[in-house]
Each structure stands twice: as C-alpha cells, then as structure tokens.
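Examination of the molecular architecture
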Amino acid sequence: MWKKIKKTYTRVSLISLGLLLMGFFFYLLVFLILGIYKGNTDSVNLISITAIILSFPGVVNTLIEEFKPTKKNYKLSCRCPKCKHLIQMDMKEE
C-alpha cells in the first residue's frame, strides 16, 4: 500500500513540476518575443524570482554534497589472463 502511495505521489510531483516548468518557459518566451517589459519591471522581477526558486533545490544538494561527502564503493571483477579464474576487488574512497 505504501509503495503505491509513494509511486502515485512521485508521479504527481513530477507531472506538476513539468507543467510548472513548461508554463514558466512559455511565459518567458512570450515575454521576450512580444517585448512586454517596456517600462514595467514586474515581469522581469517575476522571471528572476521564479528562476531563483526553481534553482534552489540544486543549490541545496550541491551544498550538502560539499559539506558532507559520501564515500563511494567501487567493485572490480576481471578474469586472470593466465589461469582464467575470476578476481574480485572492492575499493572504498577515502
């Protein structure tokens, strides 16, 4: 049940984010093509504030990765060229 709710929530949030971005870019294109900004800075302010709000989650993720980096684990496996048995190695980033 929780998986279904999570899946539905994820789909709804992605669809709403997509619609928001498409609306924002449509507004931006109409604004730039028609040249509505003559003497009125409200539209320019709306575009810049919306762009800042949409870029905020990326900034937060970048800061989290910068101050609390996660160590990655790498796994390597290959065949020995002489005896043909499988060699596996685990490496951890420090």
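Conventions used here
- Residues numbered from 1 in each chain as written.
- Predicted model: local features only at pLDDT ≥ 70, side-chain atom pairs only at ≥ 80, totals over all residues.
- Heavy atoms only, no water.
- Patch = residues over 30% accessible without salt bridge, like charges linked within 9 Å, V, L, I, M, F, W, Y side chains within 5 Å.
- Areas by Shrake-Rupley, 256 points an atom, 1.4 Å probe, with all protein chains shown as cover.
- Salt bridge = Lys/Arg side-chain N within 4 Å of Asp/Glu carboxyl O.
- Helix = DSSP H or I, 4+ residues; strand = E, 2+ residues; numbered from the N terminus.
- pLDDT = per-residue confidence, 0-100.
- Expected span 1.5 Å × (residues − 1).
- Bend = angle between axes of the 7 residues up to and from the residue.
- Buried < 20%, exposed > 50% of the residue type's maximum accessible area, 1.4 Å probe, protein only.
- Contact = heavy atoms within 4.5 Å.

1. Considerations on a nonpolar patch on the surface
- Taken together, the side chains of Tyr74, Leu76, Ile87, Met89 and Met91 define a hydrophobic patch exposed on the protein surface, amounting to about 430 Å² of accessible area.
- Counting only elements with at least two residues in the nonpolar patch, the list comes to β1 (73–79) and β2 (86–92).
- The greatest single-element share of the nonpolar patch, amounting to three residues, is contributed by β2.
- With respect to the helices and strands, Leu76 occurs in strand β1.

2. What about the confidence of the model for the protein?
- On average, the protein scores 78 in pLDDT, and the residues at 70 or more come to 94%.
- Looking across the protein, the model is least confident in helix α2 (residues 42–67), with a mean pLDDT of 76, and most confident in β1, with 82.

3. Focus on α2
- Along its 26 residues, α2 runs 37 Å from first to last C-alpha, staying within 8% of the 38 Å computed at 1.5 Å per residue.
- Roughly 35° is the biggest bend found in α2, and it falls at Phe56, with proline Pro57 one to four residues downstream.
- Turning to α2, its buried residues are Ser43, Ile47 and Thr50.
- Contacts from the buried residues of α2 go to α1 (2–34).

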